[in-house]
There are 2 protein chains.
Amino acid sequence: MRQPQQDRSRATRQRLLESAIEALAELGWAGSTVAVVAERAGVSRGAAQHHFPTREDLFAAAVDYVTNVRTDWIREHSADLPSGRERTRAVVDLVVRMYTGQIFRAALHLWVAATSDEQLRDLVVPLEAHVGREAHKLAVELLGVDETAPGVRETVQATLDMARGLGLANLLTDDSKRRAGIIDRWAEILDTTLHARA
Amino acid sequence: MRQPQQDRSRATRQRLLESAIEALAELGWAGSTVAVVAERAGVSRGAAQHHFPTREDLFAAAVDYVTNVRTDWIREHSADLPSGRERTRAVVDLVVRMYTGQIFRAALHLWVAATSDEQLRDLVVPLEAHVGREAHKLAVELLGVDETAPGVRETVQATLDMARGLGLANLLTDDSKRRAGIIDRWAEILDTTLHARA
């Protein structure tokens, strides 16, 4: 049962990336060193540095990786979403979930750390743009709207910005009850405004 | 021209609070020590500690103070807002400005630091609730809507969450162009949905 070298290397890399997100979400940027992540992943520090030369490389790659895994997963399972009027509520809920879980918490620590770390900022700015574009594309697909119609693009963007705001509101306290009411209302608004323009 | 002791003390306190916000917005939590703030305010470290026994007290008081100054200022100048359909756009713009400037940047650093600092969290959780309630009350007043009508409360909250998301999106890059399109669109949506329910 010898695992080929390439597979082992890929598995190590994945464990490092997932441990990096967990560490960042739990401990924040200051507490998330390469040594902490390597230990959580059960990997030597040297092996971690072989995969990611700098701490900044490791964490930027981690946010990129888990975001891609998440959006791929949502796409694969999108057939399970309800149809008709229930669909909009389900899609808004799904989009908001992308910003109220561990990945957003980790990304937030990275974004905030990047405000006072130039090397990190250079990695995070294009990463933020990429993550934002992917989330936008996914929301358009799931809502099944036509972005060339006037106002649709801005409405989808407003939805994603609202979801980011809900992520922030969930940082220190459990905001799920208030959030559910906002998601209901937002879905009603989207049904009215997006259909009126479709 | 001898300034009474009480006035001098109040002026020192205000300088410390304003310097604390500037330091937090520019340097983040890790760089914002009491010594840094005292130096910026032109006050001795001992005098700073006389006003605020701990670093956490100083920064929580600072966010509270500048938020109150800001909301008071907006209320006093609300007569300058246009009437009719232009009003909604102007109010949304004003609400979003509350979350895209220096105060939000400072508050964000404090919120994120509080995720891994229990003492800070105990101060920040009630502060966040207070700031959120004040912003909500102000938005309801400026929009001139009736919160007892179904859906209105959630729509106003969604507007504030969207504004917080726009604040995040402005953290590392200048997002003002994209933001203007979203504010336009959201004002249109508010005019339709809030008036339909009024």
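Definitions and cut-offs
Residues numbered from 1 in each chain as written. Chains lettered and ligands numbered in written order. Predicted model: local features only at pLDDT ≥ 70, side-chain atom pairs only at ≥ 80, totals over all residues. Heavy atoms only, no water. Helix = DSSP H or I, 4+ residues; strand = E, 2+ residues; numbered from the N terminus. Buried < 20%, exposed > 50% of the residue type's maximum accessible area, 1.4 Å probe, protein only. Contact = heavy atoms within 4.5 Å. Areas by Shrake-Rupley, 256 points an atom, 1.4 Å probe, with all protein chains shown as cover. UniProt positions renumbered as here; feature names shortened; annotations may be inferred. Salt bridge = Lys/Arg side-chain N within 4 Å of Asp/Glu carboxyl O. Expected span 1.5 Å × (residues − 1). Buried area = accessible area lost by both parts, 1.4 Å probe. Polar contact = N/O pair within 3.5 Å; in protein donor to acceptor, adjacent residues only side chain to side chain. Least-squares fit on C-alpha atoms with pLDDT ≥ 70 in both. Core = buried A, V, L, I, M, F, W, Y, C linked by side-chain atoms within 4.5 Å. Phe/Tyr/Trp six-rings, centres within 6.5 Å; stacked < 30°, edge-to-face > 60°. Lys NZ or Arg CZ within 6 Å of the ring centre and 35° of its normal.

In the nomenclature of an unreviewed UniProt entry, chain A is known as AcrR family transcriptional regulator of Kibdelosporangium banguiense.

A. Focus on the overall build of chain A. Along its length, chain A carries nine helices and zero strands. For chain A, the succession of helices and strands along the chain, N to C, is α-α-α-α-α-α-α-α-α. Each principal axis of the C-alpha atoms in chain A carries an extent, and together these give about 60 × 45 × 30 Å. Here chain A, with 198 residues, has 51% of them falling under the buried criterion. A fraction of 68% describes how many contacts in chain A between residues 6 or more apart in sequence connect residues 24 or more apart. Per element, the accessible surface of chain A, about 9400 Å² overall, is 49% carbon and sulfur.

B. Structural view of the UniProt feature "domain: HTH tetR-type" (unreviewed entry) in chain A. Per the UniProt entry, the sites bearing "domain: HTH tetR-type" (unreviewed entry) are residues 10–70 of chain A in this numbering. A helix fraction of 87% and a strand fraction of 0% characterise residues 10–70 of chain A, whose end C-alpha atoms lie 18 Å from each other.

C. Layout of the pattern of salt bridges. As enumerated under the stated definition, the model contains 22 salt bridges over all chains in all. A:Arg185 is the salt-bridge partner of A:Glu188, the closest N and O atoms lying 2.9 Å from each other. Here the residue A:Glu188 and the residue A:Arg185 both occupy positions in helix 9 (residues 176–197), the gap between them amounting to three residues, near one helical turn. On the basis of relative accessibility, which here comes to 6%, the residue A:Arg185 falls in the buried class. The salt bridge partner of B:Asp175 is B:Arg178, with a shortest N-O separation of 2.9 Å. Each of A:Arg89, A:Asp93, A:Arg97 and A:Asp184 takes part in a single network of salt bridges with overlapping partners.

D. Broad picture of helix 8 (residues 152–169) of chain A. Here helix 8 of chain A is 18 residues long and its end C-alpha atoms lie 26 Å apart, about the 26 Å a rise of 1.5 Å per residue gives. In terms of burial, helix 8 of chain A is largely enclosed, as 16 of its 18 residues are buried.

E. Layout of the interface of chain B and chain A. With 38 residues of chain B in contact, the opposing surface of chain A contributes 38 residues. Together, the buried faces of chain B and chain A total about 3400 Å²; carbon and sulfur atoms form 67% of this surface. We note a salt bridge from A:Arg178 to B:Asp161, for which the minimum N-O separation is 3.0 Å. Linking chain B with chain A are 10 residue pairs in polar contact (both at pLDDT 80 or more), by the criterion used here.

F. Local environment of the environment of B:Arg89. All names here are of chain B. With respect to the helices and strands, the residue Arg89 is situated in helix 5 (residues 85–100). Expressed as a C-alpha distance, the spacing of Arg89 and Leu190, which sit 101 residues apart in the sequence, is 9.1 Å. Not counting the four nearest positions on each side in its chain, Arg89 is found in contact with Ala180, Ile183, Asp184 and Ala187. There is a polar contact of 2.4 Å between the side chain of Arg89 and the side chain of Asp184.

G. A look at helix 6 (residues 102–114) of chain A. All names here are of chain A. Here helix 6 is 13 residues long and its end C-alpha atoms lie 18 Å apart, about the 18 Å a rise of 1.5 Å per residue gives. Counting buried positions along helix 6 yields 11 of 13 residues, so the element is predominantly enclosed. When helix 6 is considered as a whole, its buried residues turn out to be Ile103, Phe104, Ala106, Ala107, Leu108, His109, Leu110, Trp111, Val112, Ala113 and Ala114.

H. Up close: the relation of the copies chain B and chain A. Between chain B and chain A, the superposition needs a rotation of 180° and an axial shift of 0.0 Å, giving an RMSD of 0.0 Å. Overall, the copies show the geometry of a two-fold rotation axis. When the interface residues of chain B are mapped onto chain A, 100% of them are again interface residues, pointing to one common binding face.

I. Molecular detail of the nonpolar core. Among the nonpolar cores identified, the biggest contains 137 residues, and A:Leu110 and B:Leu110 are the most heavily contacted of them. B:Leu110 has contacts with B:Leu24, B:Trp29, B:Phe59, B:Ala60, B:Val63, B:Leu120, B:Val124 and B:Leu127, leaving out every residue within four places of it along the chain.

J. The arrangement of the side chain of A:Asp175 in detail. Residue and element names in this part refer to chain A. Positionally, Asp175 belongs in the loop between helix 8 and helix 9. Polar contacts involving the side chain of Asp175 include one to the side chain of Arg178, which spans 2.9 Å. For Asp175, the contacting residues outside a window of four places in its chain are Leu166, Ala169 and Asn170.

K. Spatial organisation of the UniProt feature "DNA-binding region" (unreviewed entry) in chain A. With numbering matched to this structure, UniProt assigns "DNA-binding region" (unreviewed entry) to residues 33–52 of chain A. In the segment residues 33–52 of chain A, helix accounts for 75% and strand for 0%; the C-alpha atoms at its two ends are 12 Å apart.

L. Up close: the packing of aromatic side chains. All names here are of chain A. The full count for this structure, using the stated rule, is five aromatic pairs over all chains. Ring plane angle 70° and centroid distance 6.0 Å describe the contact between Tyr99 and Phe104, whose orientation is recorded as edge-to-face. Under the relative-accessibility criterion, Tyr99 is labelled buried at 7%. Looking at Arg55, its charged tip hangs above the ring of Trp29, at a distance of 3.7 Å from the centre.

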